[in-house]
Amino acid sequence: MERCKPNVLMVLLICIFNLNLCFAHEKIDTMCGVWSYIWGDGSYDSLAIEKISFTEYLIMYTSSYDHVHDMLEKGVVVAENLIYIKQSDDEEFFVYLDYDRDSVYFLWNHAIPDSYCDVADSSYDVELKRASEIFNDEYKQKKQQEFEEDLKRSVLEYLKQQK
């Protein structure tokens, strides 16, 4: 019986590990869809993510401002929030998934967005939002109202503290 315990423990660990593998990419699957950012001058960046297989995703990126990196490539999951795309020896791209902010970043030759680093000019990496949010007028109005209420609340709190 003592010899059976390690075997049962090993089988249990293997089952738990395999179960985790089955659900590892569910978070990434929730991020599939179309993501966009519209610049002030009317130009845009757009990214589409579509699942191909268990570890591969189709990535389509385009920028109306700079068509240098427009692409349609297959990306491989390398972390829970990172998809890797290799176009050539000199060009590696990453799609960084930010679950907390419900946004994605398309990154060239680096894996973490500038906004998360101590970089003086963090305007290079653009936070892309869901296209359904950008073009949904009701959603934008709701977010604007929430922003205005938060602003009023913070101003009132500041004035109370000054008295």
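Predicted model only: the values in this text are computed from it and were never measured.

Looking now at the sheet that holds strand E7 (residues 103–108). Overall, antiparallel pairing links the eight strands, which are arranged E7-E6-E5-E4-E3-E2-E1-E8 in an open sheet. Bordering the open sheet on either side are E7 and strand E8 (129–130), each of which pairs with just one other strand. As defined by bridge partners, strand E3 (residues 56–63) adjoins strand E4 (residues 71–79) across six bridges and the pair is classed as antiparallel. Its bridge partner lying in E4, Leu58 is registered against Lys74.

Let's shift gears to the pairing of strand E6 (residues 92–98). The buried count for E6 comes to six of seven residues, which makes it a mostly enclosed element. Counting the residues that bridge the hairpin from strand E5 (residues 82–86) to E6 gives five residues. Direction of pairing for E6 relative to E7: antiparallel, over a ladder of six bridges. Counted as the bridge partner of Phe94 is Leu107 from E7. Hairpin connection, E6 to E7: the antiparallel pair is bridged by four residues, and Asp102 has positive phi, about 50°.

Right, let's get into the pattern of salt bridges. This model, assessed by the stated rule, comprises six salt bridges. Linking Glu56 and Lys74 is a salt bridge whose minimum nitrogen-to-oxygen distance equals 3.9 Å. Note that Glu56 is positioned in strand E3 and Lys74 in strand E4, a separation of 18 residues in sequence. Lys74 sits in the partly exposed class, given a relative accessible area of 47%. Note that Glu127 and Arg101 form a salt bridge whose closest N and O atoms lie 2.9 Å from each other. With Glu127 in the loop between E7 and E8 and Arg101 in the loop between E6 and E7, the pair connects residues that are 26 residues apart, well separated along the chain.

Thresholds, definitions, all that
- Residues numbered from 1 in each chain as written.
- Predicted model: local features only at pLDDT ≥ 70, side-chain atom pairs only at ≥ 80, totals over all residues.
- Heavy atoms only, no water.
- Pairing = 2+ DSSP bridges.
- Helix = DSSP H or I, 4+ residues; strand = E, 2+ residues; numbered from the N terminus.
- Buried < 20%, exposed > 50% of the residue type's maximum accessible area, 1.4 Å probe, protein only.
- Salt bridge = Lys/Arg side-chain N within 4 Å of Asp/Glu carboxyl O.

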